[in-house]
Amino acid sequence: MQCSWEESSFCDGKKMEGTRRKKPDLEGGKIEKMVDHLVNTEINSQRIAAVESCFGASGQPLALPGRVLLGEGILTKECRKKPKPRIFFLFSDILVYGSIVINKRKYSSQHIIPLEEVTLEALPNTWNAKNRWMIKTSKKSFVVSAASVTEREEWIRHIEECVRRQLRATGRPPTTEHAAPWIPDKATDICMRCTQTKFSALTRRHHCRKCGFVVCGDCSRERFLMPRLSSKPLRVCGLCYRELVAEKQKEEEGGTEEEGRRQPQQGLAYSQGITYGASSGEDESDKSDEEKDGGSAGAWPTGLEFYASGVKWSSFHS
């Protein structure tokens, strides 16, 4: 079974094939009704199996009891070096995306994001990117764009309703801490901290994992362990390093005052098991998204062509 997104469609739950509808009203538990209708159906199982097949052995199993595939489509993801097409799948409890190797047949570099960790933020258009919004989580935040305003609205409505559903089911409060999105390499030719170093073929760009700024090597010599982002110390700029150290010291002082009355909380950002210090060289986390996943094969509309193609790149199931 092949994935299909050429024509966006919303169905009333009684018809399973491409019935055109007006702009859907997802308030009042629309997603809940869609999930209840599809959860034990053969077509939902076939759709999920098709996604698993496209990712192959490199992807994780996606079929779980109660999980429903609600929508899929191609969005442009603003990567470190340039925007790239990515395939996205919205399930009732997770958001999955990956690189496109062969359209509708083979995907790679599967990423899975639990929806209870997601917050969305609509963004204004730029000269070369339209219909943008940011997907924010505590571990990673990034910007995507849809081919049309309608598709962006559909994605945002569906994701936000699924997030609310997950928060109700888990009893968790909405996430308030989010990773900073990386500023694209081409956004600046000089270091955003010292404003002196000019980037070139010999002077490479780096990203602070705390603020997302593009910085030079001299301004990002420090490493700091941020447990919510990685189990290894990550590159940070000098300013963020000083702020993180000060925050850690403040938390340690507060912890000393309460020592003996309660056990320290494990996993609290910057408060437990923190190691930090200056270092040099490149680690695995310095590799960009496109360097790791290899990009996408095939001819895809690029830049403004993506928005002017007239093709609907997303569909939502029911």
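Below is a summary of the structure that appears in this document.

**Some remarks on the environment of Lys 30**
Point 1. Positionally, Lys 30 belongs in helix H1 (residues 30–38).
Point 2. In this structure Lys 30 comes out as buried when scored by relative accessible area, which is 19%.
Point 3. As for Lys 30 and His 158, which are separated by 128 residues in sequence, their C-alpha atoms are 9.4 Å apart.

**Some points on the side chain of Gln 110**
Point 1. With respect to the element layout, Gln 110 can be found in strand E4 (residues 106–114).
Point 2. Its relative accessible area of 16% is what places Gln 110 among the buried residues.
Point 3. Within polar-contact distance, the side chain of Gln 110 engages the backbone nitrogen of Gln 60 at 2.7 Å.
Point 4. Contact partners of Gln 110, with chain neighbours within four places excluded, come to Phe 55, Gly 59, Gln 60, Leu 62, Val 96 and Tyr 97.

**Quick notes on the nonpolar core**
Point 1. Grouped together as the largest cluster of nonpolar side chains are 28 residues, with contacts concentrated most on Phe 88, Trp 133, Ile 135 and Trp 155.
Point 2. Secondary-structure elements contributing two or more residues to this core are H1, strand E1 (69–78), strand E2 (83–91), strand E3 (94–102), strand E6 (132–136), strand E7 (141–145) and helix H3 (149–170).
Point 3. The biggest single contributor to this core is H3, with six residues.
Point 4. Beyond its immediate stretch of four places on either side in the chain, Trp 155 contacts Glu 72, Gly 73, Leu 75, Phe 88, Leu 90, Leu 95, Trp 133, Ser 314 and Phe 316.

**Digging into the pattern of salt bridges**
Point 1. In the structure shown here, the tally under the stated rule is 13 salt bridges.
Point 2. Two residues, Glu 32 and Arg 168, come together in a salt bridge whose shortest N-O distance is 4.0 Å. Here Glu 32 is found in helix H1, whereas its partner Arg 168 is found in helix H3, with 136 residues between them in sequence.
Point 3. The exposure class of Arg 168 is exposed, given its relative accessible area of 54%.
Point 4. Where Arg 132 meets Glu 78, a salt bridge forms, and the shortest distance between an N and an O atom there is 2.8 Å. Of this pair, Arg 132 sits in strand E6 while Glu 78 sits in strand E1, and the two are 54 residues apart along the sequence.
Point 5. For Glu 78, a relative accessible area of 21% puts it in the partly exposed group.

**Things to note about the environment of Val 51**
Point 1. Relative to the assigned elements, Val 51 resides in helix H2 (residues 42–55).
Point 2. Given the relative accessible area of 0%, Val 51 is considered buried.
Point 3. For the pair Val 51 and Leu 62, spaced eleven residues apart in the sequence, the C-alpha separation amounts to 8.1 Å.

**Observations regarding the packing of H1 against H3**
Point 1. Following both chains from N to C, one finds H1 and H3 inclined at 80°, their axes separated by 9 Å at the closest point. Between H1 and H3, the crossing angle belongs to the class labelled roughly perpendicular. Contacts between H1 and H3 involve Ile 31, Glu 32, Met 34 and Val 35 on the former and, on the latter, His 158, Glu 161, Cys 162, Arg 165 and Arg 168.
Point 2. Split by residue class, the contact of H1 with H3 holds four nonpolar, one polar and four charged.

**What to know about H2**
Point 1. If you check H2, its first and last C-alpha atoms are 20 Å apart, about what 14 residues at 1.5 Å a residue would give, namely 20 Å.
Point 2. Where H2 is concerned, the buried positions are Ile 43, Asn 44, Arg 47, Ile 48, Ala 50, Val 51, Cys 54 and Phe 55. Summarising the axial view, the buried residues of H2 lie within an arc of 150°, below the 170-degree limit, and thus occupy one face. Seen from the buried face of H2, the exposed residues on the opposite side, beyond 90 degrees, are Glu 42 and Ser 53.
Point 3. Packed against the buried residues of H2 are H1, E1, E2, E3 and E4.

**What about unusual backbone geometry?**
Point 1. We note that Lys 104 has phi near 70°; this positive angle belongs to a residue other than glycine.
Point 2. Mapped onto the elements, Lys 104 comes out in the loop between E3 and E4.
Point 3. The phi torsion at Thr 195 lies on the positive side, around 55°, for a residue other than glycine.

**Brief notes about the pairing of E6**
Point 1. Burial analysis of E6 places five of its five residues in the buried class, which makes it a mostly covered element.
Point 2. Burial along E6 is two-sided: Arg 132, Met 134 and Lys 136 and Trp 133 and Ile 135, pointing in opposite directions, are all buried.
Point 3. Pairing between strand E5 (residues 119–122) and E6: four bridges, direction antiparallel. Across the sheet, residue Glu 121 finds its bridge partner in E6, namely Met 134.
Point 4. The pairing of E6 with E7 spans five bridges and is antiparallel. Of the residues in E7, the one forming a bridge with Ile 135 is Phe 142.
Point 5. Here E6 folds back onto E7 in antiparallel fashion, the turn holding four residues.

About the thresholds
- Residues numbered from 1 in each chain as written.
- Predicted model: local features only at pLDDT ≥ 70, side-chain atom pairs only at ≥ 80, totals over all residues.
- Heavy atoms only, no water.
- Helix = DSSP H or I, 4+ residues; strand = E, 2+ residues; numbered from the N terminus.
- Buried < 20%, exposed > 50% of the residue type's maximum accessible area, 1.4 Å probe, protein only.
- Polar contact = N/O pair within 3.5 Å; in protein donor to acceptor, adjacent residues only side chain to side chain.
- Contact = heavy atoms within 4.5 Å.
- Core = buried A, V, L, I, M, F, W, Y, C linked by side-chain atoms within 4.5 Å.
- Salt bridge = Lys/Arg side-chain N within 4 Å of Asp/Glu carboxyl O.
- Axes fitted to C-alpha atoms, helices over the stretch in contact; angles between N-to-C directions.
- Parallel < 35°, antiparallel > 145°, perpendicular 65-115°, else oblique.
- Nonpolar A, V, L, I, M, F, W, Y, C, P; charged D, E, K, R; others polar.
- Expected span 1.5 Å × (residues − 1).
- Arc of directions from axis to C-beta.
- Pairing = 2+ DSSP bridges.

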